[in-house]
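# Structural features, examined
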Amino acid sequence: ADVYAHMDKNLQTMKNALDEGLAGVTSTTGLTGGDAVLIKEYLKTGKSLAGPTLLDAVSKAVATNEVNAAMGKICATPTAGSAGVVPGVLFGLKPRLEPSRKDMLNFLLTSGAFGFVVARAFPGLRRFGISRTACSLIILFSIYRSVITP
């Protein structure tokens with residue numbers, strides 16, 4: 001129960017960060033920010049080659065990273081630099097798959113376990129030209145599919 005309570009707090013932190021980013025934030029230097037809003041606006045045009053689900057996930061990942069750059073509160077999963085990957089996938093697919101809160105928490109727990117595996121395996125994967133981010137995205141989409149959809 002304590003693990004789920006902690007993960008629920010992390011989940012809420014992720015949601016708050018992406019909501020803040022989608023509302024529009026700018027870094028303290030003013031060099032970055034606003035791209036998540038631009039992506040969401042572009043999504044509304046219906047001209048995306050990638051499709052609405054993928055672009056929505058990307059906008060949410062970028063939103064989280066922009067909050068990080070603006071010194072806002074994020075959940076650094078797996079690191080602060082790639083903090084948008086997990087919430088981007090999770091909340092990007094949420095409208096389509098409609099997971100329960102417990103499904104979302106199980107996703108976080110499972111992605112954490114797979115993240116540990118990827119971190120251990122990454123030196124071997126690099127030899128094949130597979131980046132950590134690409135591997136993480138593939139794994140996260142797979143986890144979401146298997147944990148949330150029967």
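Everything below is about the structure shown above.
Because the structure is a prediction, the values reported are computed rather than measured.

## Considering the side chain of serine 48
Tracing the backbone shows serine 48 in the loop between helix 2 (35-45) and helix 3 (52-69). A distance of 3.1 Å separates a polar side-chain atom of serine 48 from the backbone nitrogen of alanine 50. Polar contacts involving the side chain of serine 48 include one to the main-chain amide nitrogen of glycine 51, which spans 3.2 Å. Excluding anything up to four places from it in sequence, serine 48 contacts Tyr42 and Leu55.

## Things to note about helix 4 (residues 85-97)
For helix 4, with 13 residues, the first-to-last C-alpha span of 18 Å sits near the 18 Å given by 1.5 Å per residue. Restricting attention to buried positions, one finds in helix 4 the residues Val85, Val86, Pro87, Gly88, Val89, Leu90, Phe91, Gly92 and Leu93. Trailing helix 4 by a residue or two, glutamate 98 shows a phi angle of about 50°, which is positive.

## Let's talk about the packing of helix 1 (residues 2-23) against helix 2
Contact pair helix 1 / helix 2: the axes reach a minimum separation of 6 Å and the direction vectors enclose 75°. Between helix 1 and helix 2, the interaxial angle falls into the category roughly perpendicular. Along its contact with helix 1, which presents Gly21, Leu22 and Ala23, the element helix 2 presents Ala36, Val37 and Lys40. In the contact of helix 1 with helix 2, the residues fall into four nonpolar, one polar and one charged.

## Topic: the packing of aromatic side chains
Enumeration according to the criterion identifies zero aromatic pairs in this entry. The ring of tyrosine 4 carries lysine 102 above its face, with NZ or CZ at 4.7 Å from the centroid.

## Considerations on the nonpolar core
With 16 residues, the main nonpolar core has Leu11, Met14, Leu90, Phe91, Phe107 and Leu108 as its most contacted residues. If we skip the residues at most four places from it in the chain, leucine 11 touches Leu90, Phe91, Arg101, Met104, Leu105 and Leu108.

## With respect to the side chain of serine 27
Tracing the chain through its elements places serine 27 in the loop between helix 1 and helix 2. The class of serine 27 is buried, set by a relative accessible area of 9%. Within the local environment of serine 27, its side chain forms a polar contact with the backbone nitrogen of leucine 31, the two atoms lying 3.3 Å apart. With near-sequence residues (within four places) excluded, serine 27 lies in contact with Thr32, Ala69 and Ala70.

## Brief notes about helix 3
Counted at 1.5 Å a residue, the expected span for helix 3 with its 18 residues is 26 Å, and the 25 Å between its end C-alpha atoms agrees. Of the positions making up helix 3, those classed as buried are Leu55, Asp56, Ala57, Ser59, Lys60, Ala61, Ala63, Thr64, Glu66 and Val67. Buried residues belonging to helix 3 abut helix 1, helix 2 and helix 4. Positioned one or two residues after helix 3, methionine 71 has a phi angle of 65°, which is positive.

## Some words on the environment of serine 82
Here serine 82 shows up in the loop between helix 3 and helix 4. The residues contacting serine 82, other than those within four sequence positions of it, are Asn65 and Thr77.

## Remarks on the packing of helix 2 against helix 3
In the contact formed by helix 2 and helix 3, the axes pass within 8 Å of each other and the chain directions differ by 165°. Classified by the angle between their axes, helix 2 and helix 3 sit roughly antiparallel to one another. The two elements helix 2 and helix 3 cross, and the hand of that crossing is left-handed. Across the interface between the two elements, Asp35, Ala36, Ile39, Lys40, Tyr42 and Leu43 of helix 2 pack against Pro52, Leu55, Asp56, Val58, Ser59, Val62, Ala63 and Glu66 of helix 3. The residue makeup of the contact of helix 2 with helix 3, split by class, is nine nonpolar, one polar and four charged.

About the cut-offs
Residues numbered from 1 in each chain as written. Predicted model: local features only at pLDDT ≥ 70, side-chain atom pairs only at ≥ 80, totals over all residues. Heavy atoms only, no water. Helix = DSSP H or I, 4+ residues; strand = E, 2+ residues; numbered from the N terminus. Polar contact = N/O pair within 3.5 Å; in protein donor to acceptor, adjacent residues only side chain to side chain. Contact = heavy atoms within 4.5 Å. Expected span 1.5 Å × (residues − 1). Buried < 20%, exposed > 50% of the residue type's maximum accessible area, 1.4 Å probe, protein only. Axes fitted to C-alpha atoms, helices over the stretch in contact; angles between N-to-C directions. Parallel < 35°, antiparallel > 145°, perpendicular 65-115°, else oblique. Nonpolar A, V, L, I, M, F, W, Y, C, P; charged D, E, K, R; others polar. Phe/Tyr/Trp six-rings, centres within 6.5 Å; stacked < 30°, edge-to-face > 60°. Lys NZ or Arg CZ within 6 Å of the ring centre and 35° of its normal. Core = buried A, V, L, I, M, F, W, Y, C linked by side-chain atoms within 4.5 Å. Left-handed = near helix turned anticlockwise from the far one by under 90°.

Remember that the coordinates give geometry; whether it matters functionally is a separate question.
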